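Single-letter residue listing:
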Amino acid sequence: MMSMLGGLKRYFRVILLLLLALTLLLLAGFLHSDLELDTPLFGGQAEGPPVTNIMFLKTHKTASSTVLNILYRFAETHNLSVALPAGSRVHLGYPWLFLARYVEGVGSQQRFNIMCNHLRFNLPQVQKVMPNDTFYFSILRNPVFQLESSFIYYKTYAPAFRGAPSLDAFLASPRTFYNDSRLLRNVYAKNNMWFDFGFDPNAQCEEGYVRARIAEVERRFQLVLIAEHLDESLVLLRRRLRWALDDVVAFRLNSRSARSVARLSPETRERARSWCALDWRLYEHFNRTLWAQLRAELGPRRLRGEVERLRARRRELATLCLQDGGALKNHTQIRDPRLRPYQPGKADILGYNLRPGLDNRTLGVCQRLVMPELQYMARLYALQFPEKPRKNIPFLGA
Ligand SMILES: Nc1ncnc2c1ncn2[C@@H]1O[C@H](COP(=O)(O)OS(=O)(=O)O)[C@@H](OP(=O)(O)O)[C@H]1O
């Protein structure tokens, strides 16, 4: 009897030990996955200092101003040099192919850390301005929505759009309106992203040609973000640049009011895809490769965690900085003229009001987060070239 009781006791002790071991294992797994989310430099990524030499090809109407704000803030807070447009210009020679001389201070300064203003990509000239170890990246958007945004934004500027009563009408008979493809003002009307990468927007969408150009982009650009998946893209960008979370948190900039966004019929969408077939191929390819990289480098669970962290931090900053819970405001509702975005064409471009009563340090952080592109460029220009005349932003009356 005694030996049977002893046997039972030993049996329960073993079970208890096994349960304890199992609990510890589960706890360790849980802590590990939690810690992983907090690790700034991400396991599996070659560690090192943050990347500071960066060229961002700022394509048009692709959420690129939101990304530019990230780069400008990083440059300012880390005291990095930016390749800014020379003199009174607001872009780097666009739509002409980029030349090094479009950059202020080129020649006197050996190389710049960051280049991110609109330009038409021209690698040999970019290399005259940027160091050899520069990280190149860009952004693409679904060409259907990119074209819809461009149509409104450049409605009065691009001859091809000026005569068309609507995007539906334009796409129903594009050759009626786009009758002089040589006009530089028409670059917004056809394969505009393809053009920004330095390629011919009027080329035939022939398989060998398209593949060769896409391969060229892949060789030079380490990353291509996708506007429809901007948060996932920013998670990957942060990983590649080895930056802190706050460095890639940004508010949506340069967006239009619902009033100025057109609803497109399925037929118009199909026509836009075929009119901008080169852009479509570029977008399809890099949308696919973005997701392949996300799957390979992070996996779905970790990606979800990282995206959630980014969004949570954005919500926190919105609560701290923005009035009315971050509600977007139209031009007339924005109190501070320095925070009013430029209003071109038929677009109604929105911005933000800051919460009143912020202390000076918080105010500085918040202002930088919502500062429209032109104002921020003028600010960096004044900081970098204090001896030069200030950039004049005409719509501010400065
Ligand atoms: N975070 C985020 N996610 C998705 N989309 C975003 C984001 N930020 C900006 N946007 C949209 O990008 C459009 C403005 O693009 P750009 O800033 O590149 O325009 S510009 O070429 O610099 O004028 C503009 O699109 P439309 O509103 O359709 O015009 C913005 O709404």
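Residues numbered from 1 in each chain as written. Predicted model: local features only at pLDDT ≥ 70, side-chain atom pairs only at ≥ 80, totals over all residues. Heavy atoms only, no water.

## Some details on the overall build of the chain
No. 1: Counting its secondary structure elements, the chain contains 15 helices and 4 strands.
No. 2: The proportion of buried residues among the 398 residues of the chain is 51%.
No. 3: Considering only contacts within the chain whose residues lie at least 6 apart along the sequence, 74% involve residues at least 24 apart.
No. 4: When the accessible surface of the chain is summed, it comes to about 19600 Å², and 56% of that surface belongs to carbon and sulfur atoms. (Helix = DSSP H or I, 4+ residues; strand = E, 2+ residues; numbered from the N terminus. Buried < 20%, exposed > 50% of the residue type's maximum accessible area, 1.4 Å probe, protein only. Contact = heavy atoms within 4.5 Å. Areas by Shrake-Rupley, 256 points an atom, 1.4 Å probe, with all protein chains shown as cover.)

## Quick notes on the sheet that holds strand β2 (residues 114–115)
Backbone-to-backbone hydrogen bonds join strands into a sheet, with any given pair of strands oriented parallel or antiparallel.
No. 1: On the basis of which strands lie adjacent, the open sheet formed by 4 strands has the order β2-β1-β3-β4 and parallel pairing. Every other strand in the sheet has two partners, leaving β2 and β4 (223–226) as the edge strands with one partner each.
No. 2: Where strand β3 (residues 135–140) lies against β4, 4 bridges are found, and the strand directions are parallel. Paired with F137 across the bridge in β4 is L223.
No. 3: Lying over the sheet, helix α10 (residues 230–241) contacts β1 (54–57), β3 and β4, oriented at roughly 155 degrees with respect to β4. (Pairing = 2+ DSSP bridges. Axes fitted to C-alpha atoms, helices over the stretch in contact; angles between N-to-C directions.)

## Observations concerning the confidence of the model for the chain
No. 1: Within the chain, residue pLDDT values average 90, and 88% of them lie at 70 or more.
No. 2: Interface confidence for the predicted complex, expressed as ipTM, amounts to 0.99; the pTM equals 0.89. (pLDDT = per-residue confidence, 0-100.)

## A short note on α10
No. 1: Compared with an ideal rise of 1.5 Å per residue, which puts 12 residues at 16 Å, α10 spans 16 Å between its outermost C-alpha atoms and is within 8% of the ideal.
No. 2: Counted residue by residue, α10 has 12 buried out of 12 residues, so it is predominantly covered.
No. 3: Buried-residue contacts for α10 involve β1, α2 (64–77), β3, β4, α12 (277–297) and α13 (299–321). (Expected span 1.5 Å × (residues − 1).)

## Here we look at the state of the cysteines
No. 1: By the definition in use, this model includes 1 disulfide.
No. 2: Note on cysteine connectivity: C321 is disulfide-linked to C366, with sulfurs 2.1 Å apart. The sign of the -70 degrees torsion about the S-S bond sets the C321-C366 disulfide as left-handed. On the criterion of sequence distance, the pair formed by C321 in helix α13 and C366 in helix α14 (residues 360–370) is long-range, its members being 45 residues apart.
No. 3: A relative accessible area of 0% places C321 in the buried class.
No. 4: Free of any disulfide, C205 has its nearest neighbouring cysteine sulfur in C276, separated by 11 Å.
No. 5: Note on C205: relative accessible area 36%, which makes it partly exposed.
No. 6: When its relative accessible area of 2% is taken as the criterion, C276 is described as buried. (Disulfide = S-S within 2.5 Å.)

## Quick word on the pairing of β1
No. 1: A two-sided burial pattern is seen for β1, the buried positions comprising I54 and F56 on one face and M55 and L57 on the other.
No. 2: Bridge analysis of β1 against β2 gives 2 bridges, and the strand direction is parallel. Residue M55 lies in a different strand from β2, and its bridge partner there is M115.
No. 3: In terms of strand pairing, β1 meets β3 through 4 bridges, oriented parallel. Each bridged residue has a counterpart across the sheet, and for F56 the counterpart in β3 is F137.

## A word on the packing of aromatic side chains
No. 1: Summed over all chains, the structure comprises 26 aromatic pairs.
No. 2: We note R220 situated over the ring of Y136; from NZ or CZ to the ring centre the distance is 4.7 Å.
No. 3: The ring of W280 has R273 lying over it, and the distance from NZ or CZ to the ring centre is 5.3 Å. (Phe/Tyr/Trp six-rings, centres within 6.5 Å; stacked < 30°, edge-to-face > 60°. Lys NZ or Arg CZ within 6 Å of the ring centre and 35° of its normal.)

## Details of the packing of α2 against helix α15 (residues 373–384)
No. 1: Interhelical geometry of α2 versus α15 gives an angle of 20 degrees and a closest axis separation of 11 Å. If you check the angle between α2 and α15, you find them roughly parallel. In this structure, α2 crosses over α15, and the sense of that crossing is left-handed. Across the interface between the two elements, S65, L68, N69, Y72, R73 and E76 from α2 touch E373, Y376, M377, R379, L380 and L383 from α15.
No. 2: Residue composition of the contact of α2 with α15, by class: 6 nonpolar, 2 polar and 4 charged. (Parallel < 35°, antiparallel > 145°, perpendicular 65-115°, else oblique. Left-handed = near helix turned anticlockwise from the far one by under 90°. Nonpolar A, V, L, I, M, F, W, Y, C, P; charged D, E, K, R; others polar.)

## Digging into the pattern of salt bridges
No. 1: Overall, the coordinates contain 21 salt bridges when judged by the stated rule.
No. 2: If you follow the salt bridges from partner to partner, you end up with E76, R368 and R379 in one network. (Salt bridge = Lys/Arg side-chain N within 4 Å of Asp/Glu carboxyl O.)

## Topic: the site of the ligand
No. 1: The full set close to the ligand counts 21 residues, and K58, S64, S65, S149 and R256 are the nearest of them.
No. 2: Taking R252, its side chain carries an N or O atom lying 3.3 Å from a nitrogen atom of the ligand.
No. 3: Protein chains shield 90% of the accessible area of the ligand, which is 650 Å² for the free molecule.
No. 4: Among the elements that make up the shell around the ligand, the one with the highest residue count is α2 (3 residues).
No. 5: Partitioning the shell around the ligand into residue classes produces 5 nonpolar, 10 polar and 6 charged. (Near = heavy atom within 4 Å. Polar contact = N/O pair within 3.5 Å; in protein donor to acceptor, adjacent residues only side chain to side chain.)

## Considerations on the environment of P356
No. 1: The residue P356 is located in the loop between α13 and α14 in this model.
No. 2: P356 sits in the exposed class, given a relative accessible area of 57%.
No. 3: Distance from P356 to C321, taken between C-alpha atoms, is 8.9 Å for residues 35 residues apart in sequence.

## Topic: α14
No. 1: Taken residue by residue, α14 has T362, G364, C366, Q367, R368, L369 and V370 as its buried positions.
No. 2: Those residues of α14 hidden inside the fold are in contact with α2, α13 and α15.
No. 3: Measuring from the backbone nitrogen of R361 back to the side-chain oxygen at the start of α14 gives 3.1 Å, which picks out D359 as the cap.

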